[in-house]
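Given next are the chains, with one letter for each unit.
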Amino acid sequence: MTKTKQPRSIAEWVTFSIASFILAIIVSLVGYTWLNEKNQPPILSVTKKQTIREINGQFYVPFEVVNSGGDTAESVQIMAELMIDGKVTETGEQQIDFLSSGETEEGAFIFSQNPRQGQLNLRVGSYKLP
C-alpha cells in the first residue's frame, strides 16, 4: 500500500506563515535587546523637590533619586548637608535598598532648622553592585 503525499492546503500554508512570522519577530526582538543593552555602571543623580513642608517645627525636604545607567545599584546612600552662615548645621542620610536601571525613588530629609535660610546640598554618597 503506497501513500501519496497530498499537497498542503491553504489553511496549512497560512498557519505556517503566521507561526514563522511570530518566530521571526521574537528572534529579532531578542537580538535587538542583546545588541542595544546598556553595559554601563549605575549613573545616579539626586534632585531636591521645590516644596518644603513645615510641620510642628520640622522641615520636610523631599528628594528624588534616579538611576539612568545600565546596571542595578544596591544600598544607595543619599546624603544631605544644611549649611547656614557658612558652616554645616545639620546633616541627614538615607539608604535606598535597590535601584534598577531607569528606576526613580523618592524620599524626604527632615531638619529642625529652616533649609530656606541656608544652603542645602544633596548628593549620592555611595552604592554597591548586586
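For clarity, every value in this text was computed on a predicted model and none was experimentally measured. (Residues numbered from 1 in each chain as written. Predicted model: local features only at pLDDT ≥ 70, side-chain atom pairs only at ≥ 80, totals over all residues. Heavy atoms only, no water.)

Our next topic: the packing of aromatic side chains. By the definition in use, this model includes 3 aromatic pairs. The side chain of Arg53 reaches across the aromatic face of Tyr60, ending 4.9 Å from its centre. (Phe/Tyr/Trp six-rings, centres within 6.5 Å; stacked < 30°, edge-to-face > 60°. Lys NZ or Arg CZ within 6 Å of the ring centre and 35° of its normal.)

A cluster of nonpolar residues, Ile10, Val14, Ile18, Phe21, Ile22, Ile25, Ile26, Leu29 and Val30, forms a patch on the protein surface that exposes about 890 Å² of accessible area. Tracing the chain through its elements places Val30 in helix H1 (residues 10-36). (Patch = residues over 30% accessible without salt bridge, like charges linked within 9 Å, V, L, I, M, F, W, Y side chains within 5 Å. Areas by Shrake-Rupley, 256 points an atom, 1.4 Å probe, with all protein chains shown as cover. Salt bridge = Lys/Arg side-chain N within 4 Å of Asp/Glu carboxyl O. Helix = DSSP H or I, 4+ residues; strand = E, 2+ residues; numbered from the N terminus.)

Once that is clear, we can look at the sheet that holds strand E7 (residues 119-128). Strand order across the open sheet formed by 3 strands is E5-E4-E7, with antiparallel pairing between neighbours. Two strands close off the open sheet at either side, each with one partner strand: strand E5 (87-99) and E7. In this sheet, adjacent strand axes meet at a mean angle of 20° when their direction is disregarded. (Pairing = 2+ DSSP bridges. Axes fitted to C-alpha atoms, helices over the stretch in contact; angles between N-to-C directions.)

Here we come to the UniProt feature "transmembrane region" (unreviewed entry) in the protein. When the UniProt feature table is mapped to this numbering, "transmembrane region" (unreviewed entry) covers residues 12-35. Helix makes up 100% of residues 12-35 and strand 0%, whereas the separation of the span's terminal C-alpha atoms amounts to 34 Å. (UniProt positions renumbered as here; feature names shortened; annotations may be inferred.)

On the secondary structure map, Asn114 appears in the loop between strand E6 (104-111) and E7. Overall, Asn114 belongs to the buried group, its relative accessible area being 16%. In terms of polar contacts, Asn114 uses its side chain to reach the backbone amide nitrogen of Arg116, at 2.9 Å. If we skip the residues at most four places from it in the chain, Asn114 touches Phe59 and Ile84. (Buried < 20%, exposed > 50% of the residue type's maximum accessible area, 1.4 Å probe, protein only. Polar contact = N/O pair within 3.5 Å; in protein donor to acceptor, adjacent residues only side chain to side chain. Contact = heavy atoms within 4.5 Å.)

Let's shift gears to the nonpolar core. Val76, Ile78, Phe109, Phe111, Leu120 and Leu122 are the most contacted members of the largest nonpolar core, which totals 19 residues. Within the residue set of this core, elements represented by two or more residues are strand E1 (44-48), strand E3 (58-67), strand E4 (73-84), E5, E6 and E7. Ranked by the residues each element gives to this core, the list is headed by E4, at 6 residues. With residues up to four places along the chain from it excluded, the contact list for Ile78 reads Val46, Phe63, Val65, Gly92, Glu93, Gln94, Ile96, Phe109, Arg123 and Val124. (Core = buried A, V, L, I, M, F, W, Y, C linked by side-chain atoms within 4.5 Å.)

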